[in-house]
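Here's the letter readout for the chains.
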Amino acid sequence: MKRYKKVLASILAVTLVMGSASCGSGKEGQPDEGSSALSTEAASSTGGSSEEFDIFSNDVTKKTNEINTLVDNYFYFDEDPEKREESYYDGIMRGLDDPYSVYYTPEEFARLNEDDSGEYVGIGATVSKNIDNNTIYVVKPLRGSPAEAAGLLPGDVFIQIDDIEVTTAMELDEVVNYIRGSSGTTAHLKMYREGEPDYLEIDVPRQKIQNITVDYEVLDGNIGYIEVDQFIENTPDQFEEAINTLTDKGVKGLVIDMRNNPGGLVTSVNRMTDYIIRDDAVAEGGTVPGRLIVVKDKNDKVLNDYLCSDGHSVDIPMVVLVNGNSASAAEIFTADMKEYGIATIVGTTTFGKGIVQSVLPLSDGSAIKITIAKYFTPAENDIHKLGIEPDIEVDVSKEQKKMINIPHDEDPQLQKAIEVLTK
């Protein structure tokens, strides 16, 4: 039945092409990156169905019935009617040719809600889709996760998950769903690792993952260091705790590490930047005091204009570390810190995901996630497919990119950040 689903999805994808987009990164257990809490009403204002193609036309109905008749008469294997039905909805979203617009079954939607709460069942790894060759790879295993214990490394490419072959035609969310599963089961992974003569066979137990998204410490020289892995519901509370603890200890500067952060909830990153930025501040090149981001639909209509409102600010020298895997909400954070002149940006150019998705529930418990808008920085700059260039460009070595954690004293980007703050 899986074969039938793929074939039908491919057919619908050919007939429903309406646009294109780049691919992005995601979190195993947290695929909803860059999503917004926009309402269904706001999302629906971005446009209706295509005038050039009507999915409910007689020609489409006739062809669909023709395909169904052929399948019913000739398909050799037993079919799963539920999967066959789900494939229609999946195919509609695939036909948009947008890797961020997907259909969630009721079970997948329930797991998605688990993810945002900070807890899910999986192997514990950040995964992403390479926009050059469409492979799905490990960005970084989470600290203390089954993925880390099993020996997965950054850059490992998924070839097979259990009995499912991972192809370049698969979307990131689909592969994430295969990686995850029930607690107590084991994911048998076949992985490609650069430099290895053969594929690696790795068994990783699935278990409940507690998403500790923020880690912090005091470095030598009395510099505070905060690492943010992603943006989910619990991230702002952890971030504020880190800021308050480190400033209470009297650190003379902060390094905020957004490297390999695939993004997450817009509401979470806005709360974090609001905590740092003065409500009455104006970004360089901007005009609106306290603006964090502005979200516009395809007709240039403003859907949301997020402004500072908490009355809190942080006045301490900062550096933000970024790289090519810093995406979506991580880029919102970076743009705010850069345009308000709050932090020096060190590292390499960020991913370049400047579009917003909204998750819209359906009546039967399923849902769709659909791209509904583009966001712009406080100075109304468009970063989509461009990324944010650092103030100081520093890269790590090829060998270090394969490491889960680079020792602080061997990390050239971190050492440059410390140098900036020390001077």
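Before reading further, recall that the structure is shown in the block above.
Residues numbered from 1 in each chain as written. Predicted model: local features only at pLDDT ≥ 70, side-chain atom pairs only at ≥ 80, totals over all residues. Heavy atoms only, no water.

**Student:** I'd like to hear about the overall build of the protein, residue by residue, with values.
**Tutor:** Helices and strands together make up the secondary structure of the protein, namely 11 helices and 21 strands. A total of 423 residues make up the protein; the buried ones form 52% of that total. Sequence-distant contacts in the protein: of pairs separated by 6 or more residues, those separated by 24 or more amount to 73%. Of the roughly 18900 Å² of accessible surface on the protein, 49% is carried by carbon and sulfur atoms. (Helix = DSSP H or I, 4+ residues; strand = E, 2+ residues; numbered from the N terminus. Buried < 20%, exposed > 50% of the residue type's maximum accessible area, 1.4 Å probe, protein only. Contact = heavy atoms within 4.5 Å. Areas by Shrake-Rupley, 256 points an atom, 1.4 Å probe, with all protein chains shown as cover.)

**Student:** Any details on the side chain of Glu-331? Residues and values, ideally.
**Tutor:** Relative to the assigned elements, Glu-331 resides in helix α10 (residues 329-339). Buried within the structure, Glu-331 lacks any salt-bridge partner; Lys-353 is the closest side chain of opposite charge, at an N-O distance of 7.5 Å. One polar contact links the side chain of Glu-331 to the main-chain amide nitrogen of Ser-328, over a distance of 2.8 Å. Ignoring any residue separated from it by four or fewer positions in sequence, one finds Glu-331 in contact with Ser-326, Thr-350, Phe-351, Gly-352, Lys-353, Tyr-375, Ile-383, Gly-387 and Ile-388. (Lys, Arg positive; Asp, Glu negative; His and termini not counted. Salt bridge = Lys/Arg side-chain N within 4 Å of Asp/Glu carboxyl O. Polar contact = N/O pair within 3.5 Å; in protein donor to acceptor, adjacent residues only side chain to side chain.)

**Student:** Can you lay out unusual backbone geometry for me, pointing to particular residues and giving the numbers?
**Tutor:** One non-glycine residue, Asn-222, lies in positive phi territory at about 60°. Of the residues examined, Asn-222 reaches a relative accessible area of 32% and is grouped as partly exposed. Despite not being glycine, Asn-260 shows a phi value in the positive range, around 60°. Its location among the elements puts Asn-260 in the loop between β14 (253-257) and α9 (266-276).

**Student:** Give a description of the pairing of β14 that names residues and reports values.
**Tutor:** Counted residue by residue, β14 has five buried out of five residues, so it is predominantly covered. Taking every second residue as pointing to the same face, both faces of β14 are buried, with Gly-253, Val-255 and Asp-257 on one and Leu-254 and Ile-256 on the other. Taken together, strand β13 (residues 223-228), helix α8 (residues 235-248) and β14 constitute a β-α-β crossover, and its handedness is right-handed. Pairing of β14 with strand β17 (residues 318-322) involves four bridges; the strand directions are parallel. Each residue of the ladder has a partner; that of Val-255, found in β17, is Val-319. (Right-handed = clockwise from strand over helix to strand, strands pointing away. Pairing = 2+ DSSP bridges.)

**Student:** For the environment of Ser-128, give the residues involved together with the corresponding values.
**Tutor:** Secondary-structure assignment places Ser-128 in strand β5 (residues 125-129). Residue classification places Ser-128 among the buried positions, given a relative accessible area of 1%.

**Student:** Now, about the packing of aromatic side chains: what can you tell me, with residues and values included?
**Tutor:** Within the structure shown, the criterion is met by four aromatic pairs. Ring geometry for Phe-75 versus Phe-77: centroids 6.1 Å apart, planes at 65°, classification edge-to-face. By relative accessible area, Phe-77 is classed as exposed at 55%. Aromatic pair Phe-239 and Phe-333: ring centres 5.9 Å apart, planes at 85°, arrangement edge-to-face. Note that Phe-239 is positioned in helix α8 and Phe-333 in helix α10, a separation of 94 residues in sequence. Looking at Phe-333, the relative accessible area reads 0%, which means it is buried. Stacked on the ring of Phe-376, the Lys or Arg Lys-296 has its end atom at 5.3 Å from the ring centre. (Phe/Tyr/Trp six-rings, centres within 6.5 Å; stacked < 30°, edge-to-face > 60°. Lys NZ or Arg CZ within 6 Å of the ring centre and 35° of its normal.)

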